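Descriptive analysis of the structure
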Amino acid sequence: MEQDRPDSYSPGAVETKWQQIWEEDGTNRFSPGELRSADAPFYNLMMFPYPSAEGLHVGNIYAFTGADVHGRYQRLTGKQVFEPIGFDAFGIHSENFALKQGINPMDLTPRNVANFTRQLRRIGGMFDWDHTVNTSGPEYYKWTQWIFLQLFNAGLAERKEAPVNWCPSCMTVLANEQVISGLCERCDTPVEQRRIAQWFFRITEYAQPLLDNLAVIDWSDTTIKAQENWIGRSEGATLHFPILVHDDLAGSAPETALAGVGEDIGGAPLISVFTTRPDTIFGATYMVLAPEHPLVDEISSPDQAEEVRAYQEQASKLDLVARQKDDKTKTGVFTGAYCLNPATGKPIPVWIADYVLIEYGTGAIMAVPGHDQRDFEFARVFGLPIPRVVAGPGENADTPLEEAYVGHGTLVNSGDFDGMAWKDGARAIVEWLEGRSLAEAKVNYRLHDWCISRQRYWGPPIPIIYCDDCGPVGVPEKDLPVVLPRVEDFKPDDSGVSPLARVEDWYKTTCPSCGTEARRETDVSDTFLDSSWYFLRYPSTDREDIPMDPEITKRWLPVDCYIGGEEHAVLHLLYARFITMALKDMGHLDFEEPFVKFRKHGLIIREGAKMSKSKGNVIVPDPIIEEFGADTFRLYLMFLGPFAEGGDFRDEGIQGPFGFLHRLHGTVASAIASDTERAAPDPAVERKLHQTIKQLSEQLPNLQYNTAIAALMEYLNAVRAGGRKATRSEVEDLVVLVAPFAPHLAEELWDRLGHEGSIFDGANWPTFDAEKAADDTIKIAVQVNGKLRGTVETAAGSEQDAVVALAKAQENVTRHLAGSAIRRVIFVKDRLLNFVVG
RNA sequence: GCCGGGGUGGUGGAAUCGGUAGACACAGGGGACUUAAAAUCCCCCGGGAGUAACUCCCUUGCGGGUUCGAGUCCCGCCCCCGGCACCA
């Protein structure tokens with residue numbers, strides 16, 4: 001009641017008022033003409049949310065607020081800031097939730113989007129609502145399909161067999177994120193692998209450029225590192241081991257059988273392996289193929305064939321579960337076949353084991369038990385020889401091996417190569433084998449091709465038509481989009497294909513090239529494809545005829561600043577880079593890196609604990625905004641820790657920023673009311689103001705928000721110190737400095753200060769005067785032997801002699817100097833004086 | 001196991017190039033105003049000792065080292081968080 005005084009701060013009223021004004025004025029929105037003509041464009045991007053039924057998560061708000069603060073700051077410095085938001089509405093999450101609720105995702109998604117939109121407007125982000133995107137809308141996924149076709153036409157999309165996660169209990173295909181420790185997330189049944197034909201994007205073709213460009217983009221270090229590891233370049237060699245056929249060995253010892261092979265082994269079939277350690281080849285005492293390796297059937301001897309098949313079967317079933325167990329003992333089966341170690345000239349047995357992965361390298365290894373821990377363990381289990389071929393520091397050819405020595409060293413037991421350093425040895429051995437066509441240098445990447453097929457309903461249909469005569473044919477561009485039909489029975493089933501395969505009148509079609517009867521692809525594409533290009537679409541949503549308006553794209557892209565969570569450090573950010581690069585190579589774009597600058601934000605925890613629905617400790621934003629207002633919420637989120645690292649949301653802590661905004665409001669209101677200027681500016685306040693402007697101007701571009709807010713608080717404290725009344729000139733700049741964090745209140749105060757229009761259009765980011773920011777007197781620490789014994793206050797820039805004199809005038813200092821000689825004096829101007837005595 | 005990021009008061013967190021550790025807040029305590037409460041304002045607030053303004057000692061996960069001086073640099077540990085995980 002007494003709160004109704006005309007100058008009291010009522011966040012709800014202020015925020016409703018300004019949100020309405022922004023809405024009506026179309027502030028923060030660009031017309032197509034403005035997009036074309038912007039002379040200082042700044043594309044401010046944040047990772048768009050998946051519109052869940054629960055509503056906006058505080059983590060989303062944290063990210064968006066941090067990004068919005070940056071956007072608003074850029075705008076105050078004179079940039080035209082394009083800040084769009086959209087909805088990543090397709091995908092497994094939406095589909096699963098829809099399944100659980102028994103609601104069709106086509107009905108559920110618009111509801112969630114409406115709720116998200118309401119919440120997003122309420123937090124006061126300056127989103128351009130005329131350029132929003134919804135990945136599940138045909139006007140958007142038409143172009144997602146178009147991108148697929150571009151890659152298809154360029155030979156970057158290929159169809160091949162690959163394993164999918166299969167839950168035998170739910171009888172359905174699972175996405176990787178639905179497999180928890182090898183178990184189905186819903187029923188805890190061990191997941192099996194099934195092989196089906198799927199579409200892959202050949203991102204591995206781009207492994208090297210994706211790696212190289214990491215050096216030229218301005219990204220958070222941790223994100224760069226994560227991508228480097230994910231791409232996983234390793235240098236080594238492919239080595240070829242000739243296979244000895246069983247007949248060669250029949251009735252004779254392996255050594256004898258080899259005699260016939262002699263020097264000339266050119267014609268023998270080969271097993272190829274990749275290794276980063278060709279220097280250890282003399283220690284390769286056996287070989288291992290992945291159970292799925294294509295040569296297994298061919299080389300297995302008849303008497304081993306049954307055992308081999310049993311092992312393969314077991315491996316394919318338990319694959320995923322087994323690989324999650326790190327302390328699992330090694331298993332494997334001998335195939336009955338032998339290879340020739342081309343370095344030693346000796347036959348070595350060929351095994352199969354599930355510790356060798358079919359998807360990496362060649363799917364086969366030369367096992368060097370002396371110098372690889374996995375091979376060592378395997379050799380121990382099966383009693384295979386473990387020779388030493390590398391000697392580390394203090395070791396020699398005969399030093400026993402208690403475990404694998406995986407370090408580098410000098411070659412031993414390696415014939416002519418003995419005594420060479422590992423690197424020289426590796427090079428020499430590869431050259432030697434190269435001469436016999438048994439080796440070549442090779443770079444391998446950990447990165448796999450990107451499987452984009454999903455045997456699911458809620459995604460963009462892959463725009464391919466299968467024709468018996470023509471094979472897979474791309475849907476012609478004029479027929480896009482291939483509209484996802486409304487299907488009431490969208491539950492995946494045991495067929496292993498998408499629910500769309502049950503909609504006959506949808507998938508039955510004719511071949512675009514020969515006109516005969518044909519069938520549509522019934523899988524949909526990965527959600528990550530939707531999100532790999534949305535930032536390209538935002539500025540061009542006014543165009544229905546093309547995906548990207550060339551003129552607008554040239555002006556606004558690449559993105560100036562992208563802010564998002566570290567959880568997308570690899571997949572999303574790598575896919576977006578890949579798609580951009582590929583589109584550039586096809587001539588659709590003229591840049592290859594989509595995000596000039598990327599900054600990750602941290603995670604919000606609550607009261608020291610991770611938030612989770614099961615713990616019931618999630619922060620629900622709406623009631624907080626209701627009680628304290630969006631400005632306070634924003635300010636608190638930015639204040640509770642470094643933006644890049646996140647922070648701990650303590651419920652009581654919000655009182656700090658809440659009180660700050662109240663005091664700010666009151667201070668400005670009373671400055672306006674009294675409207676008297678001082679005869680001369682208060683030097684202490686003026687200095688503090690310039691120091692604050694300086695600090696914010698340095699910290700805001702770097703997203704160092706928590707300390708910037710602390711500086712604003714300090715300044716307001718200085719203005720109000722001792723009950724002092726502020727003047728208009730002392731608070732005008734402050735209102736601008738606060739505006740990125742608390743835009744509604746800033747608009748209100750700017751208006752009350754008598755300015756026309758929005759603060760974000762009318763105000764300029766203040767500049768600081770270095771002279772006015774400089775302190776004229778300075779406190780200098782005085783130490784004796786490094787211990788603080790006093791401080792002296794003196795003019796800035798004072799020389800040593802003057803400071804020493806002042807220091808020696810202090811009783812406490814002289815007391816500590818008494819009785820011993822001064823050996824040395826350390827003087828750091830404007831900082832400290834240290835007497836070294838003794 | 002590997003790769004990142006951390007460990008500072010009761011709490012969240014500050015601290016530039018190695019230069020006064022604990023900015024700014026929260027919580028707590030005391031006081032002013034008030035019939036009262038809320039709100040607001042003022043003061044105190046790492047630990048210990050000497051009972052005065054004050055002075056001294058200890059203190060940034062642990063143990064060493066470099067230095068006039070270390071939260072910060074170096075070496076060796078411990079613990080926590082995130083990611084990857086048999087990648088040859």
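Source: prediction; values computed, not measured.

**Focus: the overall build of chain A**
- When helices and strands are counted, chain A shows 30 helices and 34 strands.
- Expressed along its principal axes, the backbone C-alpha trace of chain A runs to roughly 110 × 90 × 50 Å.
- The 838 residues of chain A split such that 53% are buried.
- The contacts of chain A with a sequence gap of at least 6 include a subset with a gap of at least 24, amounting to 74%.
- Accessible surface, chain A: about 36,700 Å² in total, of which carbon and sulfur atoms supply 50%.
- Computing the positive centroid from 81 side-chain charges and the negative centroid from 121, chain A places the two 5 Å apart.

**Topic: the packing of helix α22 (residues 655–674) against helix α26 (residues 743–752)**
- Where α22 meets α26, the closest approach of the two axes is 10 Å, and the angle between their N-to-C directions is 5 degrees. One element, α22, and the other, α26, form an angle in the roughly parallel class. Side by side, α22 and α26 meet where Leu-661, Leu-664, His-665, Val-668, Ala-669 and Ile-672 of the first sit next to Leu-745, Leu-749 and Arg-752 of the second.
- Looking at the contact of α22 with α26 residue by residue, the classes come out as seven nonpolar, one polar and one charged.

**As for the side chain of Thr-335**
- Here Thr-335 shows up in strand β14 (residues 333–341).
- A residue is classified by how much of its surface remains accessible, and Thr-335, at 0% relative accessible area, is buried.
- Within polar-contact distance, the side chain of Thr-335 engages the backbone nitrogen of Ala-337 at 3.1 Å.
- Of note is the side chain of Thr-335, whose polar atom sits 2.7 Å from the backbone oxygen of Val-350.
- If near-sequence neighbours (up to four positions away) are discounted, Thr-335 is found in contact with Ile-299, Ser-300, Ser-301, Gln-304, Val-308, Val-350, Trp-351 and Ile-352.

**Considerations on the protein's contact with RNA strand B**
- Taken together, 54 residues are adjacent to RNA strand B, and Thr-276, Tyr-360, Arg-374, His-816 and Asn-834 come closest.
- For RNA strand B, the fraction of protein-proximal atoms (within 4 Å) that sit in sugar or phosphate groups is 63%.
- Between RNA strand B and Thr-276 there is a distance of 2.5 Å, counted from a sugar or linking oxygen to a backbone nitrogen or oxygen.
- Separating a base oxygen of RNA strand B from a side-chain N or O atom of Lys-330 is a distance of 2.8 Å.

**Some points on helix α23 (residues 683–699)**
- With 17 residues, α23 extends 24 Å from end C-alpha to end C-alpha; this agrees with the ideal 24 Å at 1.5 Å per step.
- For α23, every residue scored as buried is listed here: Val-685, Arg-687, Leu-689, His-690, Thr-692, Ile-693, Leu-696 and Gln-699.
- In this fold, the buried residues of α23 make contact with α24 (705–720), α25 (728–738) and α28 (770–773).
- At the N-terminal end of α23, a side-chain oxygen is found 3.1 Å from the backbone nitrogen of Ala-684, two or three residues along, and the residue is Asp-682.

**A word on the confidence of the model for chain A**
- When pLDDT is averaged across chain A, the result is 89; 93% of the residues are at 70 or more.
- When the criterion is pLDDT under 50, residues 251–265 qualifies, and its contacts beyond four places in sequence or with other chains add up to 15 contacts.
- Reported confidences for the modelled complex are a pTM of 0.93 and an ipTM of 0.95.

**Regarding the packing of aromatic side chains**
- Scanning the entire structure with this criterion turns up 49 aromatic pairs.
- Centroid distance Phe-87 to Phe-116: 6.5 Å. Interplanar angle 80 degrees. Geometry classified as edge-to-face. Note that Phe-87 is positioned in strand β3 (residues 86–87) and Phe-116 in helix α5 (residues 105–122), a separation of 29 residues in sequence. Phe-116 carries the same exposure label as Phe-87, and that label is buried.
- Between Trp-219 and Phe-595, the aromatic rings sit 6.5 Å apart at their centres with planes inclined by 35 degrees, giving tilted as the arrangement. On the criterion of sequence distance, the pair formed by Trp-219 in strand β10 (residues 218–219) and Phe-595 in the loop between α19 (571–585) and β28 (597–601) is long-range, its members being 376 residues apart.

**Here's the deal with the sheet that holds strand β32 (residues 787–795)**
- Strand order in the open sheet formed by four strands is β32-β31-β34-β33, and the pairing between neighbours is mixed. Among the strands making up the open sheet, the edge pair consists of β32 and β33 (822–828). Each neighbouring strand pair of the sheet contributes to a mean axis angle of 20 degrees, computed without reference to strand direction.
- With four bridges joining them, strand β31 (residues 777–784) and strand β34 (residues 832–837) adopt parallel strand pairing.

**Overview of the packing of α23 against α25**
- Remark: α23 packs on α25, axes separated minimally by 11 Å, with the N-to-C direction vectors making an angle of 15 degrees. One element, α23, and the other, α25, form an angle in the roughly parallel class. Pair α23 / α25 crosses with left-handed handedness. Residues Val-685, Leu-689, Thr-692, Ile-693 and Leu-696 of α23 touch α25, and the partners they reach there are Glu-730, Asp-733 and Leu-737.
- Its residues assigned to classes, the contact of α23 with α25 comprises five nonpolar, one polar and two charged.

**A closer look at the state of the cysteines**
- Under the criterion given, the structure shown has zero disulfides.
- There is no disulfide at Cys-470, and the cysteine sulfur nearest it, in Cys-514, is 3.6 Å away.

**Observations concerning the pattern of salt bridges**
- This model, assessed by the stated rule, comprises 50 salt bridges.
- Notably, a salt bridge pairs Arg-233 with Glu-235, separated by 3.1 Å at the nearest N-O pair.
- Residue Arg-233 is classed as partly exposed on the basis of its relative accessible area, which comes to 34%.
- Its relative accessible area of 55% is what places Glu-235 among the exposed residues.
- The salt bridge partner of Arg-728 is Glu-732, with a shortest N-O separation of 4.0 Å.

**Comments concerning the sheet that holds β28**
- With parallel pairing, the five strands of this open sheet are ordered in space as β2-β1-β27-β28-β10. Every interior strand has two partners, whereas the edge strands, β2 (80–82) and β10, have only one.

**Digging into unusual backbone geometry**
- Cis geometry marks the peptide bond from Leu-480 to Pro-481; its omega dihedral reads -5 degrees.
- Within the secondary structure, Pro-481 is located in the loop between β23 (471–474) and α15 (504–507).
- Positive phi, normally seen in glycine, also occurs at Leu-703, with a value near 60 degrees.
- Note that Leu-703 resides in the loop between α23 and α24.
- Phi is positive for Asp-830, which is not a glycine, with a value near 65 degrees.
- Take Asp-830: its relative accessible area is 27%, and that puts it in the partly exposed class.

Thresholds, definitions, all that
Counting of residues starts from 1 at the beginning of each chain's written sequence and follows it residue by residue. Whichever chain is written first becomes A and whichever ligand is written first becomes 1, with later ones labelled in order. Only residues with pLDDT of at least 70 get local features here, since the model is predicted, and only at 80 or more are side-chain atom pairs given and counted; chain-wide, interface and lining totals rely on the full set of residues. For side-chain calculations, the full set of non-hydrogen atoms in the structure is used, while hydrogens and water are omitted. Numbering goes from the N terminus for both helices and strands, where a helix is a DSSP run of H or I of at least four residues and a strand is a run of E of at least two. Exposure is judged per residue with a 1.4 Å probe applied to protein chains only, and the accessible area is read against the type maximum: over 50% gives exposed, under 20% gives buried, and values in between give partly exposed. Pairs of residues are marked as contacts when any of their non-hydrogen atoms sit within 4.5 Å. Surface accessibility in these figures is a Shrake-Rupley result with a 1.4 Å probe; residues are shielded only by whichever protein chains are displayed. When charges are tallied, Lys and Arg are placed among the positive residues and Asp and Glu among the negative ones, while His and the ends of the chain are skipped. Charged groups are reduced to one reference atom each: NZ for lysine, CZ for arginine, CG for aspartic acid, CD for glutamic acid. Axes, fitted as lines to C-alpha atoms, cover a helix only where it is in contact. Angles between the N-to-C directions of the axes lie from 0 to 180 degrees. Orientation categories follow fixed angle ranges, with anything under 35 degrees roughly parallel, anything over 145 roughly antiparallel, 65 to 115 roughly perpendicular, and all other angles oblique. Each residue is assigned to one class: nonpolar for Ala, Val, Leu, Ile, Met, Phe, Trp, Tyr, Cys and Pro, charged for Asp, Glu, Lys and Arg, and polar for all the others, Gly among them. Identification of polar contacts relies on pairs of N or O atoms within 3.5 Å, with a donor-acceptor requirement for protein atoms, meaning one able to donate a hydrogen and the other able to accept it, and with residues adjacent in sequence counted only if both atoms are side-chain atoms. When at least one non-hydrogen atom of a residue lies within 4 Å of a molecule or strand, that residue is treated as near it. Expected helix span is given by 1.5 Å per residue-to-residue step, counting one fewer step than there are residues. Note: pLDDT gives the predictor's confidence per residue, expressed from 0 to 100. Classification of ring pairs rests on two measures: the distance between centres of Phe, Tyr or Trp rings, Trp counted by its six-membered ring, which must be within 6.5 Å, and the angle between planes, read as stacked under 30 degrees, edge-to-face over 60 and tilted in between. DSSP calls a pair of strands paired once it identifies at least 2 bridges connecting them. Handedness of a crossing follows from how the near helix is turned relative to the far one, being left-handed for an anticlockwise turn of less than a right angle and right-handed for a clockwise one. Pairs of cysteine sulfur atoms within 2.5 Å are what we label disulfides. In the sections that follow, a salt bridge refers to a side-chain nitrogen of Lys or Arg positioned within 4 Å of a carboxyl oxygen of Asp or Glu.

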